Amino acid sequence: MGNNNRVALVRVGPKSLMKRPEGLENIIIPVTDVYETAEEFVLKLDLPGVEKEKINITIQPERLSIRGEAGTTHRDEASLLLREIGVKTYYREFNLGEGIQHQAARAEFEQAVLTVILPKTDAVKAKIISIR
Amino acid sequence: MLVRFDVPRTLNTLFEDFAVSELAPSTRSFPALDIAEYENETVIVAELPGLKKEDVKITFEEDVLTLSGERKPYEIPQDARVLINENRVRTFNRSIRFGHDVDANRISADLQNGMLKIVVPKAESAKPRTIEVK
């Protein structure tokens, strides 16, 4: 997921509701919870139907992006009576401020929930303590 | 504030524009379902991220299959500050009525990667038959 897609995400007019930008027809923004403790940021994203190997996490100084590809669910000969799930690409990105130890970021995946842990730098932790 | 931690503007825009579309999954009925029909069985697939198999209950009674359960909240430390909370704890309940006879004793279910797959075999009487012309 490079800059091209980012540009495409910038503006999608209300009238284009039925027609999404090319290549993004199946993009789903995963349901996310984020919390912060004195030590770290913790992100939890729902990625149902995604195998661990199909998750791509990229962390840059200012941006964290997460992409996951959900596989197909049905055999070829299925006739679908209801289709609310479909084949999906999950994608979401987060702006990161200073004070995150990028090298120490880690992730876990359990019950289709991706947990990304971003430890804070000592400088930020120290600052928080001094505020208190 | 030293640490910025925002949802990027690009995504905010997207959320506004697609406010009630499937792009905002939290607004859809839960869990999302697919129902696939095969010659000898019906397969129901439900998206249940964050659930263990003991959190899910499946019953079959009088042609109606009911899927219910509860997604438990994340255990977060007491001193944590919540920045984004899209995942609302909730109980769920969805039912599917079958229009054909089902072999209820052979219904099976499997939960993997947050996807629950329920296989509902058709009763012999409901399977398609080929009739030979004599």
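Along each chain, the written sequence defines residue order, and numbers are assigned to residues from 1. Labels follow written order: the first chain is A, the first ligand is 1, and so on. Only residues with pLDDT of 70 or above have their local features reported here, since the model is predicted, and side-chain atom pairs are shown and tallied only from 80 upward, although totals for entire chains, interfaces and linings are computed over all residues. Excluding hydrogens and water, the side-chain figures rest on all heavy atoms present in the structure.

Student: So what exactly am I meant to see when it comes to the overall build of chain A here?
Tutor: What counts as a helix is a DSSP run of H or I of at least four residues, what counts as a strand is a run of E of at least two, and both are numbered from the N terminus. Assigned secondary structure in chain A consists of 2 helices and 9 strands. Each helix and strand of chain A, placed in order from N terminus to C terminus, yields the pattern α-β-β-β-β-β-β-β-β-β-α. Counting across all 132 residues of chain A, residues that qualify as buried make up 45%. Buried residues are those whose accessible area, probed at 1.4 Å on protein chains only, stays under 20% of the maximum for their type, while exposed residues exceed 50% and partly exposed ones sit between those limits.

Student: Mind showing me how you'd approach the packing of aromatic side chains here?
Tutor: Aromatic rings in a pair are described by how distant their centres are and how their planes are angled relative to each other. We call Phe, Tyr and Trp rings a pair once their centres come within 6.5 Å, taking the six-membered ring for Trp, and we label the pair stacked below 30 degrees between planes, edge-to-face above 60, and tilted otherwise. A full pass over the atoms with the stated rule returns 2 aromatic pairs over all chains. With 5.5 Å between their ring centres and 70° between their planes, Phe30 of chain B and Phe92 of chain B make a pair best called edge-to-face. In this pair, Phe30 of chain B sits in the loop between helix H1 (9-17) and strand S2 (33-37) while Phe92 of chain B sits in strand S7 (residues 91-97), placing the two residues 62 residues apart along the sequence. The burial state of Phe30 of chain B is the same as that of Phe92 of chain B; both residues are buried. One cation-aromatic arrangement involves Lys44 of chain A over Tyr74 of chain B; the distance from NZ or CZ to the ring centre is 4.7 Å. Across the ring face of Phe41 of chain A, the terminal group of Lys120 of chain A is positioned such that the distance to the ring centre comes to 5.1 Å. The criterion is that NZ of a Lys, or CZ of an Arg, lies within 6 Å of the ring centre and within 35 degrees of the ring normal, and then a charge sits over that ring.

Student: What exactly am I supposed to notice about unusual backbone geometry here?
Tutor: Trans is the prevailing form of peptide bonds, just as negative phi is the prevailing case for residues other than glycine. One non-glycine residue, Ala112 of chain A, adopts positive backbone phi at about 65°. Turning to its location among the elements, Ala112 of chain A is positioned in the loop between strand S8 (106-110) and strand S9 (113-119). One non-glycine residue with positive phi stands out, namely Glu62 of chain B, at about 45°. Inspection of the secondary structure assignment puts Glu62 of chain B in the loop between strand S4 (56-61) and strand S5 (64-70). Residue Glu62 of chain B is classed as exposed on the basis of its relative accessible area of 69%.

Student: Explain the nonpolar core here, please?
Tutor: In summary, soluble globular proteins display a tendency toward joint burial of nonpolar side chains. Leu43, Leu64, Phe94 and Leu118 of chain A are the most contacted members of the largest nonpolar core, which totals 21 residues. Listed by contribution, the elements that provide at least two residues to this core are strand S3 (40-46), strand S4 (50-59), strand S5 (63-70), strand S7 (89-96) and S9 of chain A. Throughout this description, the term nonpolar core refers to a set of buried Ala, Val, Leu, Ile, Met, Phe, Trp, Tyr and Cys residues connected via side-chain atoms within 4.5 Å. Core analysis: the second largest hydrophobic core is formed by 17 residues, Ala46, Leu48, Val56 and Leu65 of chain B among them.

Student: Would you take a moment to explain the pattern of salt bridges for this structure?
Tutor: Side-chain pairs of opposite charge can arise whenever the charged atoms involved come near each other. A pairing counts as a salt bridge when a side-chain nitrogen of Lys or Arg comes within 4 Å of a carboxyl oxygen of Asp or Glu. Taken as a whole and assessed by the stated rule, the structure comprises 14 salt bridges over all chains. Where Arg75 of chain A meets Glu41 of chain B, a salt bridge forms, and the shortest distance between an N and an O atom there is 3.4 Å. In this pair, Arg75 of chain A is assigned in the loop between S5 and strand S6 (79-83) and Glu41 of chain B in strand S3 (residues 41-47), connecting two distinct chains. Residue Arg75 of chain A is classed as partly exposed on the basis of its relative accessible area of 40%. Two residues, Lys72 of chain B and Asp55 of chain B, come together in a salt bridge whose shortest N-O distance is 2.8 Å. With Lys72 of chain B in the loop between S5 and strand S6 (81-85) and Asp55 of chain B in the loop between S3 and S4, the pair connects residues that are 17 residues apart, well separated along the chain. Residue classification places Lys72 of chain B among the exposed positions, given a relative accessible area of 51%. Accessibility expressed as a relative area gives 13% for Asp55 of chain B, which makes it buried. The network of salt bridges with shared partners includes Glu36 and Lys120 of chain A together with Arg81 of chain B.

These values are about where atoms sit, not about what they do.
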